[in-house]
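Topology and contacts: notes
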Amino acid sequence: QVQLVESGGGLVQAGGSLRLSCAASGRTFSNYGMGWFRQAPGKEREFVAAISRTGGFTDYADSVKGRFTISRDNAKNTVYLQMNSLKAEDTAVYYCNTNSPGRTYWGQGTQVTVSS
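Calculation notes
- Residues numbered from 1 in each chain as written.
- Predicted model: local features only at pLDDT ≥ 70, side-chain atom pairs only at ≥ 80, totals over all residues.
- Heavy atoms only, no water.
- Phe/Tyr/Trp six-rings, centres within 6.5 Å; stacked < 30°, edge-to-face > 60°.
- Helix = DSSP H or I, 4+ residues; strand = E, 2+ residues; numbered from the N terminus.
- Lys NZ or Arg CZ within 6 Å of the ring centre and 35° of its normal.
- Disulfide = S-S within 2.5 Å.
- Buried < 20%, exposed > 50% of the residue type's maximum accessible area, 1.4 Å probe, protein only.
- Pairing = 2+ DSSP bridges.
- Axes fitted to C-alpha atoms, helices over the stretch in contact; angles between N-to-C directions.

**Observations regarding the packing of aromatic side chains**
- Applying the stated criterion to the full structure yields 3 aromatic pairs.
- Centroid distance F37 to F47: 5.7 Å. Interplanar angle 75 degrees. Geometry classified as edge-to-face. Here F37 is found in strand β4 (residues 34-39), whereas its partner F47 is found in strand β5 (residues 46-51), with 10 residues between them in sequence.
- Judged by centre distance (6.3 Å) and plane angle (85 degrees), the ring pair of Y95 and W106 falls under edge-to-face. Pair noted here: Y95 is in strand β9 (residues 92-100) and W106 is in strand β10 (residues 103-106), with a separation of 11 residues, a long-range link.
- Put simply, the rings of F37, F47, Y95 and W106 touch in pairs and so form one group of aromatic residues.
- Over the aromatic face of Y32 sits the side chain of R27, whose NZ or CZ is 3.4 Å from the ring centroid.

**Structural notes on the state of the cysteines**
- For the coordinates displayed, the defined rule picks out 1 disulfide.
- The disulfide partner of C22 is C96, and the S-S distance across this bridge is 2.1 Å. Disulfide C22-C96: the torsion about the S-S bond is -85 degrees, which places it as left-handed. A residue pair is termed long-range when its members are at least 10 positions apart, and C22 in strand β3 (residues 18-25) and C96 in strand β9 qualify at 74 residues. Comparing C22 with C96 shows no difference in burial state: the two are buried.

**Section: the pairing of β9**
- By the criterion of burial, β9 is predominantly enclosed, with 7 of the 9 residues buried.
- Direction of pairing for β4 relative to β9: antiparallel, over a ladder of 5 bridges. Paired with R38 across the bridge in β9 is Y94.
- The pairing of β9 with strand β11 (residues 110-115) spans 3 bridges and is antiparallel. The residue bridging Y94 from the neighbouring strand is T110, located in β11.
- Summarising the sheet, β9 and β10 pair through 4 bridges and their orientation is antiparallel.

**Topic: the sheet that holds strand β7 (residues 68-73)**
- In spatial order, the strands read β1-β3-β8-β7; together these 4 strands make up an open sheet with antiparallel pairing. Here the strands that pair on one side only, and so sit at the sheet edges, are β1 (3-7) and β7. Averaged over all pairs of adjacent strands, the angle between their axes in this sheet comes to 15 degrees, without regard to strand direction.
- In this sheet, β3 lies alongside β1 in antiparallel orientation, the contact comprising 5 bridges. Within the sheet, the bridge partner assigned to L4 lies in β3 and is A24.

Have a look at this one:
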């Protein structure tokens, strides 16, 4: 059974940085792409970033390009989201995500709050 556990969220001032981590278990981590999504209060969950199995391909939402970096360490079964130059509008619960044919897996989420 796939499990995803996020960590690293917290309260930070605008302009600051945070690094989120997502530890995966339950299957061969390096065989699957990974992603980060976020959900702000009263809004739908939205895509933030994704990374391929080997890390050779990454994709970002326009709103975070140039500020966020997704990476992975397949030896540690962990995917990261480095968030720099944080803005108040980045405040949300951040979720780790991965897929199998016909199924999507989510972590429990980690809260990121950016004070202006």
